Amino acid sequence: MTQRISPLYKGLGYSQGEIAALRDLFLSLSKGVRASRQYPSQHPIPTQFKTLFFRKLRNFFESTEVLAVKVTHDTLFVEDEAIFKGTTASENIAGLLHRDGVRYLEITSGITEQEASSLFEAFVTCSGRDEGAEDIVNLFWQVGFEHVTYDVVDVFEVSEMQELREEFDSTREPAIADDIPPIDNESEPLELPKTLAERFTDLAVYSPEETATLREMAESDRTVDAKSQVVELLLLMCESSDSPQDISQIVEALQSIFDKTIQAASFPRMTIILHKIRDLLDSGDIESPTAKKRLNDFVYRCGDSLRIKMIVEALNRHEDLDLHPARQYLSELGWESFNHLLWMLGELAFYPARKMVCDLLVEKGIDKIDLLGSAVFDSRWYLVRNVVWVLGETGHARALGFLRRVAAHPDLRVRIEVVKALGKISDPARIELLLALTQDEDEKIRTMVAEELGRTRSESAYVGLRKIVLSKDFVDAPPTEMRKLIDAMVASGGVAAVETVREVLDRSPLFNRAPIRRLQDAALPALKRSDTPEALKLLTKLANDTKSRYSVTAKRLLAQRQFKQEKRVDDESA
Amino acid sequence: MTNPLDYQTSRRLSGTEEATYSQRGKAIINQLSILLKTARVHSPDNDSFKAQLEQSYQLYRDCLDEYGETVVQVQSDYLFFCGARVRYDNEGLAAPDHLRDLFQRAGISGFLTTSDLTKAELEQTALLLNEADRQGDLDFEGLQRRFDLANIGAVALLPPMDEKSSDENRDREERQFARRTFFYAMNNLKMVSNTMNADRPVDLARTKRVIHSLVDQIVSDDGSLLELTALKSHDQYTFLHSTNVCIYSICLGARFGLTKSELSTLGFAALFHDIGKTRLPLQVLNKPSDFNESEWELMRKHPALGVFTLAKTMPFEERCCRAMIVASEHHYNLDGSGYPALKRRRSLNLYSKIVTICDVFDAMTSGRVYRKVPASPEQVLRGMIPQAGYKFDPCLLKVFLNTVSLYPPGTLLLLDRHELALVVGKNADDLLRPKVKIVGTTQRLYDRGIRMNLADRNPQTGAYYRSIVRVAEPQEFKINTARYLLDEE
Ligand SMILES: [Fe+2]
Ligand SMILES: [Fe+2]
């Protein structure tokens, strides 16, 4: 029972300095509580506030033994001095206590860091609570404080006793003397039922075996996983029942439990439940067709749109969740949930969760490219971008069809992802798409595409690139793009590309020379991308031709090439 | 010193007599109050005072002529007239309040008047009491001296009742607190189950709070709450029964080392063990005759119904899961018999084993479940003991027997002085001599029970004041147990 009155409240004689310290302590507590609601519990900010709260408490207890606080709906008092005033609802720690009936709070000097932390956390839990969640008195009780006591008005202390008593009054029948049967005047001797009396003589004494059995019972009960037991129990009831009505109710109960598990974001348990049901279905132990059907329906519902929506809500509530179990659960779901998984991508608030679903889709999507690809038509660019990423990660040639459909997506971010995705697909058909993208309106895309094409080192890429390089307008291309495209062409074109470079370098227009020179200045360094002897030959020739305006650059390129080769030899010998 | 309760017993008032005393007492008390108030504002020669004195004296005269002497006395805040408690409804409390306060300030518990009372003596009495009330600093001896000086022979002041020792006061407060918690638990269960039956999620904060309080009280001393488990009711059967089973379970668990937090979970599970019953039609639940087969089948569904209800309306937390397990298992026996029928045998949860014992005991002593006549607690225990090992876990049953003891609360005893006594608690060192409330004699029942410890002895002779003759049946004497368990407020 909690204390009924706080005997220590008056007469402690706090000094002005102590009062000031208390004002500071509770102000800091209220700010800490408010801040902690906005961060996950392991975040450094709540931890800092908690430490601060304990440090301030400890300082206060250096000169005093007891902190006795009177609580009103918005103010905390010590000896009638207000030490805390809750002005806003979010910071009113007095109100949190008062609402649940706490009228006095006493902390004594031995308070441990653990206790201070629990006290702090109780405030945090209660300040953000929904209707029907824990109240602060329950939380205090569960902590079982040693150095914190509280005087509380319990709801039952102010309940209507009289009214309740009347429920028994209705059955009152005052006895009338005449009704009472006479009994023998002679006292009957005290005769106890023998067996019972004998049993009771040694009742108060427990044998060592009995004590051990009892202790063992209590101990082993502590390892019971009640949640698992409930699920097992419901499944056993389902297996044992042949009444369709009962089976419906059992599965309904199971569903309710499962849905609450989702809300609590307990993914490991969700997986366990799903496994248990599947195992039961596989075991062939269920005879009732209704039970089989209902359980199969249950399994189907594990990944239906409603459940996936709940899962999204759960994932969006907890930013710092361990996502492995969530992925594990989602990977258990059948094909019928595939579209819902895709839908998740558009709804998840946090990047790690989106990444987790994308990874999962890669794993599952390899066999379901068409399903996956259909999502590129979604109106949300961010979803399309994720799907494009997934398509790329599959590396599957069938993805190209969908990438082509989305290659002209109005959002640049999607198109960037398309180029990256094309880089991950090895099918030669991608070259054509990349070449098409060299005509993209955005330079960034075009540049990326050029790099990608260069990496392909393929004949068809060369042919396409050569056409671009030699086209009339190419001289006006932005410098970086121009350089990257020529690099790509040289990288993928082999001997023929060296020839094309020579062709460019040999051009000598009569007027308007500047654009052509820019092109030539970009083309010459591209030769270093080619490993062919023809490239070396061309460079050497240009270097030796001291009258050529290419001579200096060609010499430098040769030197670089030399240096690189030597380094490679060194590295290899090392 | 005159003890109104002794007075009452020695006079052996019948019900009708008692009503008459109460009526007369009310009139006298009202008149005395008016007289004293008049004396405060008027001098003795004032006409209104004279008129009130005359009226008071007439009332007294009538009573004294009939009864020989009268006593007006306060005990435990109640006013007694000639040993009968003067009953007031909510109105008309001014006069008794006035007298009670006045007696307290005057340092007396009341006064006795003999039949030779004169009008002058009554006048003097009124004036002296009034003066004492005004001064407020007199003790009993001081006032007595003034009465002696005034030579008022027909009035004997009664000294203040022995203040209850602080232990007794604390006991009383604890009992009151226990009672409030108990009723709150029961009423709260009723509200929660209404919410559940509407398939709405429940707010468990209050339920947890009341269970925490039950655990705290039981851990410090289980007596006050165990006493209340003797309450049985037909109309409120399921809720009262569930509250009782909750208390028994916590008491049992507390005796073999469960932690407070485990006790809270156990109490929670026990409280909801029969929640499935609230889904059954009332005409079946309250059927006065035996069930037929289809009704039995319905009754056997309540454990499963309980699990469904809890699963749908409660959060999926440890304590709620325990409640579901207990709801489903509490009609299973150790040997695997019981219901609902399952394809495979499971080992029973510890909490289910505990609740099963408490459930059977309370159900049998309530006489509401599956049989009409309640058995005495002692009979039920006798029936349960041989079932250890088959139906009940033998070790846990032993702990339970230890908890409720040989004469569990609610047992009616016939004592050697032809008195009837209800057991309210036990003496740990003498299980054969429980604590009781004497509720009457074999000839008549008292208005209120008197607490008595059967282990008390006469300090001079060493003999017990009272001893048990045998266990009796409440219906044999038409005793309403609840009335005596709840008579102190
Ligand atoms: Fe039951
Ligand atoms: Fe029951």
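Cut-off values and rules
Residues numbered from 1 in each chain as written. Chains lettered and ligands numbered in written order. Predicted model: local features only at pLDDT ≥ 70, side-chain atom pairs only at ≥ 80, totals over all residues. Heavy atoms only, no water. Helix = DSSP H or I, 4+ residues; strand = E, 2+ residues; numbered from the N terminus. Buried < 20%, exposed > 50% of the residue type's maximum accessible area, 1.4 Å probe, protein only. Contact = heavy atoms within 4.5 Å. Areas by Shrake-Rupley, 256 points an atom, 1.4 Å probe, with all protein chains shown as cover. Polar contact = N/O pair within 3.5 Å; in protein donor to acceptor, adjacent residues only side chain to side chain. Donors = N, O, S within 2.8 Å, 3.2 Å for Na, K, Ca; no water. Tetrahedral: all angles 85-135°; square planar, octahedral: opposite > 155°, others 65-115°. Domains from an automatic or database assignment. Phe/Tyr/Trp six-rings, centres within 6.5 Å; stacked < 30°, edge-to-face > 60°. Lys NZ or Arg CZ within 6 Å of the ring centre and 35° of its normal. Pairing = 2+ DSSP bridges. Axes fitted to C-alpha atoms, helices over the stretch in contact; angles between N-to-C directions. Core = buried A, V, L, I, M, F, W, Y, C linked by side-chain atoms within 4.5 Å. Expected span 1.5 Å × (residues − 1).

1. As for the overall build of chain A
Part 1: A count of helices and strands for chain A gives 27 helices and five strands.
Part 2: Residues counted as buried form 47% of the 574 residues belonging to chain A.
Part 3: Here the analysis covers contacts within chain A between residues at least 6 apart in sequence; of these, 69% occur between residues at least 24 apart.
Part 4: Total accessible area on chain A stands at roughly 29100 Å², and carbon and sulfur atoms take up 51% of it.

2. Let's talk about helix H18 (residues 394–404) of chain B
Note that an α-helix has 3.6 residues per turn; residues three or four places apart therefore point the same way.
Residue and element names in this part refer to chain B.
Part 1: In terms of burial, H18 is a largely internal element, 10 of the 11 residues being buried.
Part 2: Residues Cys395, Leu396, Leu397, Lys398, Val399, Phe400, Leu401, Asn402, Thr403 and Val404 constitute the buried set of H18.
Part 3: Put simply, aspartate 393 is the residue that caps the front of H18, since its side-chain oxygen is 3.0 Å from the backbone nitrogen of cysteine 395.
Part 4: Backbone geometry just after H18 places serine 405 at a positive phi near 70 degrees.

3. Notes on the coordination of the iron ion (ligand 1)
Residues and elements named next belong to chain B.
Part 1: At this site the iron ion (ligand 1) is bound by Asp274 (OD), His302 (NE2), His330 (NE2) and His331 (NE2), with donor distances of 2.1 to 2.2 Å.
Part 2: When the donor residues of the iron ion (ligand 1) are listed from N- to C-terminus, their spacing reads D-x27-H-x27-H-H.
Part 3: Between the iron ion (ligand 1) and the iron ion (ligand 2), a separation of 3.4 Å is found, and both are coordinated by aspartate 274. Here histidine 302, found in helix H14 (residues 302–313), pairs with histidine 331, found in the loop between helix H15 (318–329) and helix H16 (350–366); they are 29 residues apart in sequence, far enough to count as distant. Just as histidine 302 is buried, histidine 331 falls in that class too.

4. A short note on the coordination of the iron ion (ligand 2)
When a metal carries six donors in an octahedron, the ideal angles between them are 90 or 180 degrees, while four donors in a tetrahedron ideally lie at 109.5 degrees.
Residues and elements named next belong to chain B.
Part 1: Within the protein, the iron ion (ligand 2) binds to His241 (NE2), His273 (NE2), Asp274 (OD) and Asp359 (OD); these donor distances fall in the range 2.0 to 2.3 Å.
Part 2: Classification of the site at the iron ion (ligand 2) as irregular follows from its four donor atoms and the range of 77 to 173 degrees in their angles at the metal.
Part 3: If you list the donors of the iron ion (ligand 2) from N- to C-terminus, the spacing comes out as H-x31-H-D-x84-D.

5. Structural notes on the domain arrangement of chain A
Part 1: Here chain A is described as being made up of domain 1 (7–161) and domain 2 (431–538).
Part 2: Using only C-alpha atoms to locate each centre, domain 1 of chain A and domain 2 of chain A end up separated by 73 Å.

6. Some remarks on the packing of aromatic side chains
Residue and element names in this part refer to chain A.
Part 1: Across all of its chains, the model carries 15 aromatic pairs over all chains by this definition.
Part 2: When the ring of phenylalanine 60 is compared with that of phenylalanine 61, the centres are 5.4 Å apart and the planes differ by 70 degrees; the resulting orientation is edge-to-face.
Part 3: The exposure class of phenylalanine 60 is buried, given its relative accessible area of 4%.
Part 4: Given the relative accessible area of 8%, phenylalanine 61 is considered buried.
Part 5: Here the aromatic residues Tyr14, Phe60 and Phe61 are joined through ring pairs into a cluster of three or more.
Part 6: Directly above the ring of phenylalanine 77 sits lysine 70, whose terminal nitrogen or CZ lies 5.4 Å from the centroid.

7. Brief notes about the pairing of strand E9 (residues 445–453) of chain B
Here is the key point about a regular strand: its side chains alternate between the two faces of the sheet.
Residues and elements named next belong to chain B.
Part 1: The sheet contact formed by strand E8 (residues 430–441) and E9 spans five bridges and is antiparallel. Bridge pairing in E9 links valine 436 to methionine 452.
Part 2: Between E8 and the antiparallel strand that follows it, E9, lie three residues.

8. Remarks on the sheet that holds strand E7 (residues 419–427) of chain B
Residue and element names in this part refer to chain B.
Part 1: Pairing within the open sheet is antiparallel, and its five strands lie in the order E9-E8-E7-E6-E10. Here the strands that pair on one side only, and so sit at the sheet edges, are E9 and strand E10 (468–472). Shown here is a sheet whose adjacent strand axes are inclined to one another by a mean of 40 degrees, direction ignored.
Part 2: Where E7 meets E8, seven bridges bridge the pair, whose relative direction is antiparallel. In the strand pairing of E8, leucine 420 is matched with glycine 440.

9. What to know about the pairing of strand E4 (residues 102–108) of chain A
All names here are of chain A.
Part 1: Of the pairings in the sheet, the one linking strand E1 (residues 66–71) to E4 comprises five bridges and is antiparallel in character. Across the sheet, valine 69 pairs through a bridge with leucine 105, a residue of E4.
Part 2: Pairing of E4 with strand E5 (residues 148–152), which is carried by five bridges, proceeds in the antiparallel orientation. Each residue of the ladder has a partner; that of tyrosine 104, found in E5, is aspartate 151.

10. A look at unusual backbone geometry
Part 1: In this structure, B:Pro340 follows B:Tyr339 across a cis peptide bond, with omega equal to 0 degrees.
Part 2: Within the secondary structure, B:Pro340 is located in the loop between H15 and H16.
Part 3: In this structure, A:Ala265 takes a positive phi of about 55 degrees despite not being glycine.
Part 4: As for its placement among the helices and strands, A:Ala265 is situated in the loop between helix H10 (244–263) and helix H11 (267–283).
Part 5: Take A:Ala265: its relative accessible area is 9%, and that puts it in the buried class.
Part 6: Phi at A:Arg457 is positive, roughly 45 degrees, even though this residue is not glycine.
Part 7: Along the chain, the position of A:Arg457 falls in the loop between helix H22 (443–456) and helix H23 (459–470).

11. Some details on the nonpolar core
Part 1: Ranked by internal contacts, the top residues of the largest apolar core, which has 256 residues, are A:Phe26, A:Leu67, A:Leu330 and A:Ile486.
Part 2: When residues of this core are assigned to their parent elements, the largest contribution, 11 residues, is made by helix H24 (residues 479–506) of chain A.
Part 3: Counting residues in hydrophobic clusters, the runner-up holds 41 residues, among them B:Tyr57, B:Ala106, B:Ala126 and B:Leu143.

12. A look at the environment of A:Gln439
Residue and element names in this part refer to chain A.
Part 1: Structurally, glutamine 439 can be placed in the loop between helix H21 (430–437) and H22.
Part 2: Exposure remark for glutamine 439: the relative accessible area of 59% places this residue in the exposed category.
Part 3: Separated by 29 residues in sequence, glutamine 439 and isoleucine 468 have C-alpha atoms that sit 9.6 Å apart.
Part 4: Other than its neighbours up to four places away in sequence, glutamine 439 contacts Arg446 and Ile468.

13. Examining helix H10 (residues 237–254) of chain B
Part 1: Here H10(B) is 18 residues long and its end C-alpha atoms lie 25 Å apart, about the 26 Å a rise of 1.5 Å per residue gives.
Part 2: A large share of H10(B) lies buried, amounting to 17 of its 18 residues.

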